[in-house]
Amino acid sequence: MKNLVYILAIFVFTGCSSYYQRNIEVQRMISSGNLQEAEKKLEGDKRIQKDRNRLLYLFNMGFINHLQQDYSKSNEFFNEADLLIEDYKKSYGAEVLALISNPEVKPYKPEDFESVMVHYYKSLNYLLLGQYESSIVEAKRMNLILNQLNDKYKDHKNRYQADAFAHILMGLSYEASRDFNNAFIAYRNAYNIYQGEHGYFEISAPEQLKSDLLRTAYIIGFQNDLAFYEREFGREYEPRNTENGELVFLWHNGMGPIKDEVSFNFIAIPGQAGYVIFENEELGISFPFYIGDDKQKRDDLLALRVVRVAFPKYLARPTYYNDAHLVVNGQKLPLEKVENINDIAFKTLKDRFLREMGVSLLRLGLKKATEIKLAQENAALGAAATITNAITEKADTRNWHTLPHSIYYQRAPLKDGDNVIGLRMQNVNKGEDKAGFTVQSKPGLQFLPYYSLEHLPAAPWDDASSVRVEKK
């Protein structure tokens, strides 16, 4: 009983708060740009460095060091995270414990897009270090990871099956290494994904991507492809002077969603041939459980009538900036959206809902079976089990909090010498915020990532578009 009281105390004090709420201080430090303080806070937090949370620690440390422009150290953290994901093996002890408590006792298993974004940051770090071959490898792995993940799903119905931006990144990496043939292929693959049957998360093919397709087709002498895309885009290719090099600007706007939890009630109803069915009419779904000839267990489960299942849900953190453009040598260049991580996150979670709800119900069924058995043997223990199960029925609300909401890009030709780059960002209050950079010209491509970490308060996705508050 003492152990039970101890477990109850833990969940009473920690069970009601989400992972984000328990780590809000670090998130605020990062959002406000106090990166060294955030790094110290993470390094001193033994809880987040435990095996079950270490992957999240590595994600955040990799991101913080990337922002501090220590790209080699950033990749050390992301490389360890990559190995941890690759070597991910289920801990059967944790699995059993999760069945009678909640999924947060297990080592964190990343969402599909989180596994992909590890390779995005590795690729970007290598680009900034001038290691183009390594950048190509990591950009390729973004889609290889997706292929491997989707092959494990029987229905293969995930919306997130290919990453268009990964192909753009691959094309840029090839161009940086002067491999225009493979750059053309990568850009073509990206365009095909944007133009696919279901589109690419409501993002149209960027105009810059179309220009890249035309230019690389022209450079490698693919006249038929050039003519095809000129007809496709309704414009003729016009060469421009890039002898002083080009800047590729990557704008990471806002912060991605955070996880909370939502509960669903299922009604236990009798099925045929030894089955008990848990049904939710509102969702229009049901899950059969085979009980066999055990009439007592069947009667006990049916006596429960309503059971509550907790499942993770996302809360969007709406962007503070709605749009942005560059001003380069007197030319206004719009930043174009190429990746919407917020949208991908919500649709990825929706895709896995049905696959995992059955597991959640099985977990709850085992809890309830234990509860009933204890109540039959000892009323006090049964009551304690009922309280424990109510408290520990909790969704896994862990996720990678420092991902951007969305990513935009643009290419700008440079003049000889110093180039003053102006960034103009339109905020939700219809004002304009500015940032400036100076870039020295040199042949080839240069890469400049910029992060707007400001965001609005978290809200359910459907309500996110209506949230308008002053910038903190």
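It should be emphasised that the depicted structure is a prediction, and the values quoted were computed from it without experimental measurement.

Participant: Looking at this structure, how should I read the sheet that holds strand β7 (residues 331–334)?
Facilitator: Taken in spatial order, the four strands line up as β7-β6-β10-β11 in an open sheet, and their pairing is antiparallel. Either end of the sheet is taken by a strand with one partner, and the two such strands are β7 and β11 (432–440). Each strand axis lies, on average, 25° off the axis of its neighbour in the sheet, ignoring direction. Examined bridge by bridge, strand β6 (residues 321–328) and strand β10 (residues 418–427) share seven bridges and lie antiparallel to one another. Residue V328 lies in a different strand from β10, and its bridge partner there is I421.

Participant: Help me understand the packing of aromatic side chains in this model?
Facilitator: Given two aromatic rings, one states the distance between the centres and the angle between the planes to describe the pair. Applying the stated criterion across every chain yields a total of 27 aromatic pairs. Here the aromatic rings of F78 and Y121 are separated by 5.6 Å at their centres, their planes lie at 5°, and the arrangement is stacked. Linking F78 in helix α6 (residues 71–86) with Y121 in helix α8 (residues 112–129), this pair joins segments that are 43 residues apart in sequence. Summarising the burial analysis for this pair, F78 and Y121 share the class buried. For the pair Y194 and Y200, a centre-to-centre distance of 5.4 Å together with 85° between the ring planes defines the contact as edge-to-face. Classification of Y194 as buried rests on a relative accessible area of 4%. Under the relative-accessibility criterion, Y200 is labelled buried at 2%. Every member of this aromatic cluster is reached through a ring pair, and the members are F59, F63, F78, Y120, Y121, F165, W400 and Y451. Geometry around F201 places R159 over its ring, the cationic atom sitting 4.8 Å from the centre.

Participant: Quick question: what am I supposed to make of the pattern of salt bridges here?
Facilitator: Pairs can form between side chains of opposite charge whenever their charged atoms are close. Enumeration over the complete set of coordinates arrives at 20 salt bridges. A salt bridge links D82 to R141, with the nearest nitrogen and oxygen atoms 2.7 Å apart. Remark: R141 occurs in helix α9 (residues 132–151) and D82 occurs in helix α6; sequence separation between them is 59 residues. A salt bridge links E175 to R215; the shortest N-O distance between them is 2.4 Å. In this pair, E175 sits in helix α10 (residues 164–176) while R215 sits in helix α12 (residues 207–219), placing the two residues 40 residues apart along the sequence. Comparing E175 with R215, the two get one shared label, buried. Bridged by salt links that share partners, the residues E175, D212, R215, R240, E246 and R411 form one connected network.

Participant: Help me out: how do you make sense of the packing of helix α11 (residues 180–194) against helix α13 (residues 223–233) in this one?
Facilitator: Helix-helix packing: each pair is described by the crossing angle between the helix axes and the interaxial distance. At their nearest, the axes of α11 and α13 sit 14 Å apart, and the two run at 30° to each other. Put simply, α11 runs roughly parallel to α13. Here α11 and α13 pass one another in a crossing that is left-handed. Along the contact surface, α11 presents F184, R188 and Y191, while α13 presents D225, Y229, E232 and F233.

Participant: Can you help me understand the packing of α11 against α12 in this one?
Facilitator: Running from N to C, α11 and α12 cross one another at 145°; their axes reach a closest spacing of 9 Å. Remark: the crossing between α11 and α12 carries left-handed chirality. In contact with F180, A183, F184, Y187, R188, A190, Y191 and Y194 of α11, α12 contributes L209, K210, D212, L213, R215, T216, A217 and I219. Classifying every residue of the contact of α11 with α12 gives eleven nonpolar, one polar and four charged.

Criteria and thresholds
Residues numbered from 1 in each chain as written. Predicted model: local features only at pLDDT ≥ 70, side-chain atom pairs only at ≥ 80, totals over all residues. Heavy atoms only, no water. Pairing = 2+ DSSP bridges. Helix = DSSP H or I, 4+ residues; strand = E, 2+ residues; numbered from the N terminus. Axes fitted to C-alpha atoms, helices over the stretch in contact; angles between N-to-C directions. Phe/Tyr/Trp six-rings, centres within 6.5 Å; stacked < 30°, edge-to-face > 60°. Buried < 20%, exposed > 50% of the residue type's maximum accessible area, 1.4 Å probe, protein only. Lys NZ or Arg CZ within 6 Å of the ring centre and 35° of its normal. Salt bridge = Lys/Arg side-chain N within 4 Å of Asp/Glu carboxyl O. Parallel < 35°, antiparallel > 145°, perpendicular 65-115°, else oblique. Left-handed = near helix turned anticlockwise from the far one by under 90°. Contact = heavy atoms within 4.5 Å. Nonpolar A, V, L, I, M, F, W, Y, C, P; charged D, E, K, R; others polar.

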